[in-house]
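Tertiary structure, described
Chain by chain, the residues:
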Amino acid sequence: DIQMTQSPSSLSASVGDRVTITCRASQSLSSYLNWYQQKPGKAPNLVIFVASRLQSGVPSRFSGSGSGTDFTLTINGLQPEDFATYFCQQSYSAPYTFGQGTRLEIK
Amino acid sequence: QVQLHQWGAGLVRPSETLSLTCAVSGGSFIGYSYSWIRQSPGKGLEWIGDVDQTGSSTYNPSLESRVTISVDTSKSQFSLRLSSVTAADTAFYYCARVVRNWSNGPKWFDPWGQGTLVTVSS
């Protein structure tokens, strides 16, 4: 199985900050990497697909980059509704695996 | 707007079979595959398996001996059965649509169902 490692596990930031979350895969994924946002008590919601493509309806302050084994999710100008947990997920090969999550908290 | 709504028993006894169903509404059921994913504090998010409209399924090897995912295209529904459950199967279970731009290309899960907490306990 492909192992997905996110860093940091948790992050404190303020409204208006720029934050970056990293996801590293145990083998090359090309660009087969997706990002999800999950709020407490809710299902995950797609934010970025194929490493850098913004899902429809997601604010443009979210962006993704990377290829191969290293990927980043960046949020420019944090808004109150962005405080949540973020997961990366690889679709390069089954079984499709997720990172352990990064909890973004208000400072 | 496509929506997935899921239902099933929230309490299952050890050694019995977990059963969940997911209905797709608001968009075409055809042309997509569908997945089940679970989330527990101990194991995080875990992909269980996919099914396409022909009924062909792919499972996570860690669960393959106990899992069946089936599809009913006439009802725009798909289902999960997990047999011989133990406490380790206690988790939130989610259904999701699998989206991909081309065959064998990258894919992603969108949207997801609302989730069902399944507790395995006697």
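These lines cover the structure that appears in this document, whether it is placed above or below. Only a predicted model underlies this, so the values are computations on that prediction, with no experimental measurement involved. (Residues numbered from 1 in each chain as written. Chains lettered and ligands numbered in written order. Predicted model: local features only at pLDDT ≥ 70, side-chain atom pairs only at ≥ 80, totals over all residues. Heavy atoms only, no water.)

Oppositely charged side chains can form a pair if their charged atoms are brought close together. Considering all chains together, one arrives at nine salt bridges over all chains under this definition. In this structure, the salt-bridge partner of Arg24 of chain A is Asp70 of chain A, at a minimum N-O distance of 2.5 Å. Of this pair, Arg24 of chain A sits in strand β3 (residues 18-25) while Asp70 of chain A is found in strand β8 (residues 70-76), placing the two residues 46 residues apart along the sequence. Look at the salt bridges and you will find they share partners, linking Arg38, Lys43, Glu46, Arg66 and Asp89 of chain B into a network. (Salt bridge = Lys/Arg side-chain N within 4 Å of Asp/Glu carboxyl O. Helix = DSSP H or I, 4+ residues; strand = E, 2+ residues; numbered from the N terminus.)

Now for the packing of aromatic side chains. Working definition: an aromatic ring pair is given by the centre-to-centre distance plus the angle between the planes. Enumeration according to the criterion identifies 13 aromatic pairs over all chains in this entry. Relative to Phe98 of chain A, the ring of Tyr36 of chain A has its centre 6.2 Å away and its plane inclined at 50 degrees; by these criteria the two rings are tilted. Of this pair, Tyr36 of chain A sits in strand β4 (residues 33-38) while Phe98 of chain A sits in the loop between β9 (85-90) and β10 (102-106), and the two are 62 residues apart along the sequence. Under the relative-accessibility criterion, Tyr36 of chain A is labelled buried at 1%. Here the aromatic rings of Phe62 of chain A and Tyr86 of chain A are separated by 6.3 Å at their centres, their planes lie at 40 degrees, and the arrangement is tilted. Here Phe62 of chain A, found in strand β7 (residues 62-67), pairs with Tyr86 of chain A, found in strand β9; they are 24 residues apart in sequence, far enough to count as distant. Comparing Phe62 of chain A with Tyr86 of chain A shows no difference in burial state: the two are buried. Within the aromatic cluster, the residues linked to one another by ring pairs are Tyr36 and Phe98 of chain A together with Tyr94, Phe109 and Trp112 of chain B. (Phe/Tyr/Trp six-rings, centres within 6.5 Å; stacked < 30°, edge-to-face > 60°. Buried < 20%, exposed > 50% of the residue type's maximum accessible area, 1.4 Å probe, protein only.)

These values are about where atoms sit, not about what they do.
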